[in-house]
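A closer look at the structure
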Amino acid sequence: VTGATYLITEVQANIAAGKADEAGRKLYLAGLVAPGSYSRYPEYEARIRVAVLWDHAKTMDKTEVRRIYDEAMAYLKEAERLNPAFTSIWDLRARMNYAVNGIIINDGHEIAIRELVRVIEANPLSADARVALAQMLQARGDLAAAIAVLEQGVTWPRPKGRPDVMFLVTLAKFKEQAGDK
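So, here's what we can say about the structure. (Residues numbered from 1 in each chain as written. Predicted model: local features only at pLDDT ≥ 70, side-chain atom pairs only at ≥ 80, totals over all residues. Heavy atoms only, no water.)

**Considering the overall build of the protein**
- Regarding its fold elements, the protein presents nine helices and zero strands.
- Reading the protein from its N terminus to its C terminus gives the helix and strand order α-α-α-α-α-α-α-α-α.
- Taken against the 2.2 N^0.38 rule, which gives 16 Å for 181 residues, the C-alpha radius of gyration of the protein at 17 Å falls within 12% of a compact globule.
- Its C-alpha atoms give the protein principal-axis dimensions of about 55 × 35 × 30 Å.
- Expressed as a percentage of the 181 residues in the protein, the buried residues total 42%.
- Partitioning the intrachain contacts of the protein with sequence separation of at least 6 by distance along the chain shows that 57% fall at a separation of at least 24.
- Element-wise, carbon and sulfur atoms account for 55% of the exposed surface of the protein, whose accessible area totals about 9600 Å². (Helix = DSSP H or I, 4+ residues; strand = E, 2+ residues; numbered from the N terminus. Rg over C-alpha atoms; globule rule 2.2 N^0.38 Å. Buried < 20%, exposed > 50% of the residue type's maximum accessible area, 1.4 Å probe, protein only. Contact = heavy atoms within 4.5 Å. Areas by Shrake-Rupley, 256 points an atom, 1.4 Å probe, with all protein chains shown as cover.)

Shown next, in the form of structure tokens:
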């Protein structure tokens, strides 16, 4: 799995850089060297598609959005079959539903919020899910609930680095918006 794991880091870097085609090429190579039980392969097939939807769904043809959405859902289902307790899969599904809200589904925001609550209940240490949920709640006008989600996360240890910084910055920003300086 070591070769596949290395290639997955390359896939991650390409997704972050907005290079979906290159991420797909690296993922193809990872699939060649990974065992069939390697859940990261279908997860990253979905991750590439979610990134495309997140960045471009509002400007894409609805038929293309639906095709990419259906492909991503199939990959997420396979990843969850291989690793049912991996909450990052649920997080991805939440973000995808949020991205296509009003384009191919009408309740994508509510589905996303329910999925992120599920992630946090199963993994209270997930700083990324807390930040995403808080941002979604704030976007719909529920600043108090957004702050509460983040404040509940303060009691849990968080991974150091970008997720922790984003968590703390978001909490500070929302508290300032609420008048708590």
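**Structural notes on the side chain of Glu-43**
- Tracing the chain through its elements places Glu-43 in helix 3 (residues 40–56).
- Note on Glu-43: relative accessible area 1%, which makes it buried.
- Among the polar contacts listed, one links the side chain of Glu-43 to the side chain of Arg-40, at a separation of 2.5 Å.
- At a separation of 2.7 Å, a polar atom in the side chain of Glu-43 contacts the side chain of Arg-47.
- Leave out the neighbours within four places in its chain, and Glu-43 touches Ala-79, Phe-86, Ser-88 and Leu-92. (Polar contact = N/O pair within 3.5 Å; in protein donor to acceptor, adjacent residues only side chain to side chain.)

**Description of helix 2 (residues 20–33)**
- For helix 2, built from 14 residues, the straight-helix expectation of 20 Å at 1.5 Å per residue is met to within 8% by its first-to-last C-alpha distance of 20 Å.
- Taken together, the buried positions of helix 2 are occupied by Ala-23, Leu-27 and Ala-30. The arc enclosing the buried residues of helix 2, seen along the axis, measures out at 55°, which places them on a common side. Facing away from the buried side of helix 2 by more than 90 degrees, the exposed set consists of Asp-21, Tyr-28 and Leu-32.
- Of the surrounding elements, those touching the buried residues of helix 2 are helix 1 (2–16) and helix 3. (Expected span 1.5 Å × (residues − 1). Arc of directions from axis to C-beta.)

**As for the environment of Arg-66**
- Its location among the elements puts Arg-66 in helix 4 (residues 62–82).
- In this structure, the C-alpha to C-alpha distance between Arg-66 and Val-100, residues 34 residues apart in sequence, is 8.8 Å.

**Thoughts on the environment of Glu-78**
- By the element assignment, Glu-78 lies in helix 4.
- Considering only alpha carbons, one finds Glu-78 and Ala-94, 16 residues apart in sequence, at a separation of 16 Å.

**Remarks on the side chain of Asn-14**
- Checked against the element boundaries, Asn-14 lands in helix 1.
- In this structure Asn-14 comes out as buried when scored by relative accessible area, which is 10%.
- If sequence neighbours within four positions are ignored, Asn-14 has contacts with Lys-19, Glu-22, Ala-23 and Lys-26.

**Focus: the pattern of salt bridges**
- By the definition in use, this model includes 17 salt bridges.
- We note a salt bridge from Arg-118 to Glu-80, for which the minimum N-O separation is 3.6 Å. With a gap of 38 residues between them, Arg-118 in helix 6 (residues 108–122) and Glu-80 in helix 4 connect regions that are remote in the sequence.
- Under the relative-accessibility criterion, Arg-118 is labelled partly exposed at 32%.
- Residue Arg-140 is joined to Glu-110 by a salt bridge in which the shortest nitrogen-to-oxygen separation is 2.8 Å. In this pair, Arg-140 is assigned in the loop between helix 7 (127–139) and helix 8 (143–154) and Glu-110 in helix 6, connecting sequence segments 30 residues apart. (Salt bridge = Lys/Arg side-chain N within 4 Å of Asp/Glu carboxyl O.)

**Regarding helix 1**
- In a regular helix each residue adds 1.5 Å, so 15 residues correspond to 21 Å; helix 1 covers 21 Å between its end C-alpha atoms and thus fits that length.
- Regarding helix 1, the residues found buried are Ala-4, Leu-7, Ile-8, Val-11, Asn-14 and Ile-15. Looking down the long axis of helix 1, one finds its buried residues gathered within 120° of arc, a one-sided arrangement. Pointing more than 90 degrees away from the buried face of helix 1 are the exposed residues Thr-2, Tyr-6 and Ala-16.
- Elements that come into contact with the buried residues of helix 1 comprise helix 2 and helix 3.
- Remark: Gly-18 follows helix 1 within two positions and exhibits a positive phi of approximately 75°.

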